[in-house]
Amino acid sequence: GMVLRFVENDAFLLVNARSIWAARDAMDGPFVLAMADHVVDPAIVRALIAGAGARCRLAIERATPDDRRADEATRACVRDGRVIDLGKTIETWNAIDTGLFWCTPRVFEAITPELRDGEAGAVFASLARRGELDAVDVTGSAWIDIDTAADLREAETMIAATPVARGEVA
């Protein structure tokens with residue numbers, strides 16, 4: 001029941017908000033946005049879209065300052081089911097961004113000319129600060145952001161452990 005559309009971003013050398021902007025004419029409704037360097041358990045996608053409505057959503061994992069990923073991760077401050085702040089350097093946070101979003105056409109409205117050639121995280125941070133980004137708690141689900149060779153090895157191990165990789169599911 002999924003439709004995939006591939007959109008070429010002619011300005012791919014610019015930062016990733018431009019890639020979202022490039023897809024605006026191809027989208028006629030809500031869609032899932034996944035960071036290309038993140039591997040996520042399909043259960044996270046199901047949780048993200050379950051009950052999704054007219055608001056943008058971010059799958060988050062609850063975390064504490066001693067989380068080993070905290071230095072590299074995009075941090076989120078979540079309160080009452082909403083992401084209220086988002087960014088790599090925010091000081092008050094209690095969750096980590098999994099890189100998986102439910103987007104409504106509102107995301108394109110949030111991509112202002114000032115944000116268009118920047119990080120996608122800044123676009124979602126602007127939505128969060130306006131109270132327009134819901135949090136979907138997927139704490140305990142398997143996912144990884146691949147930034148290093150060690151992350152790649154960990155992702156390969158994670159994928160190898162899945163029933164499909166072990167040949168247990170057809």
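You'll find the structure just up there.
Below is a summary of the structure that appears in this document. Because the structure is predicted, anything quoted here is derived from the model rather than measured. (Residues numbered from 1 in each chain as written. Predicted model: local features only at pLDDT ≥ 70, side-chain atom pairs only at ≥ 80, totals over all residues. Heavy atoms only, no water.)

Digging into the overall build of the protein chain
Secondary structure assignment for the protein chain yields five helices and eight strands. In the protein chain, the succession of α and β elements from N to C terminus is α-β-β-α-β-β-β-β-α-α-β-β-α. Radius of gyration (C-alpha) of the protein chain: 16 Å, near the 15 Å computed for a compact globule of 170 residues. Considering only C-alpha atoms, the protein chain reaches an extent of 45 × 35 × 35 Å along its principal axes. Counting all 170 residues of the protein chain, 38% fall into the buried class. (Helix = DSSP H or I, 4+ residues; strand = E, 2+ residues; numbered from the N terminus. Rg over C-alpha atoms; globule rule 2.2 N^0.38 Å. Buried < 20%, exposed > 50% of the residue type's maximum accessible area, 1.4 Å probe, protein only.)

Some thoughts on the pairing of strand E1 (residues 31–34)
Only one face of E1 is buried: it carries Phe 31 and Leu 33, and the other face, with Val 32 and Ala 34, is open. Sheet topology places E1 next to strand E6 (residues 95–103); four bridges connect them, and they run antiparallel. Among the inter-strand pairings, Leu 33 is bridged to a residue of E6, identified as Phe 101. (Pairing = 2+ DSSP bridges.)

As for a nonpolar patch on the surface
A contiguous nonpolar surface patch, about 460 Å² in accessible area, is contributed by Met 2, Leu 4 and Phe 6. If you trace the backbone, Met 2 turns up in the segment before helix H1 (17–22). Under the relative-accessibility criterion, Met 2 is labelled exposed at 67%. (Patch = residues over 30% accessible without salt bridge, like charges linked within 9 Å, V, L, I, M, F, W, Y side chains within 5 Å. Areas by Shrake-Rupley, 256 points an atom, 1.4 Å probe, with all protein chains shown as cover. Salt bridge = Lys/Arg side-chain N within 4 Å of Asp/Glu carboxyl O.)

Observations regarding the nonpolar core
One finds Val 83, Val 107, Phe 124 and Leu 133 to be the most contacted residues of the largest nonpolar core, which totals 28 residues. Per-element accounting of this core gives the leading share, six residues, to helix H4 (residues 120–129). For Phe 124, the residues in contact, after removing those within four places along its chain, are Ile 20, Leu 33, Leu 86, Phe 101, Cys 103, Val 107 and Leu 133. One finds Leu 48, Ile 96, Leu 100 and Trp 143 within the second-largest nonpolar core, a separate group that totals 15 residues. (Core = buried A, V, L, I, M, F, W, Y, C linked by side-chain atoms within 4.5 Å. Contact = heavy atoms within 4.5 Å.)

Let's talk about the side chain of Glu 61
Here Glu 61 is to be found in strand E3 (residues 56–62). A polar contact of 3.2 Å, which involves the side chain of Glu 61, links it to the side chain of Arg 69. A polar side-chain atom of Glu 61 sits 2.5 Å from a polar atom in the side chain of Trp 143. Excluding its chain neighbours within four sequence positions, the residues that come into contact with Glu 61 are Arg 69, Asn 94, Ala 95, Ile 96, Thr 98, Thr 139, Gly 140, Ser 141 and Trp 143. (Polar contact = N/O pair within 3.5 Å; in protein donor to acceptor, adjacent residues only side chain to side chain.)

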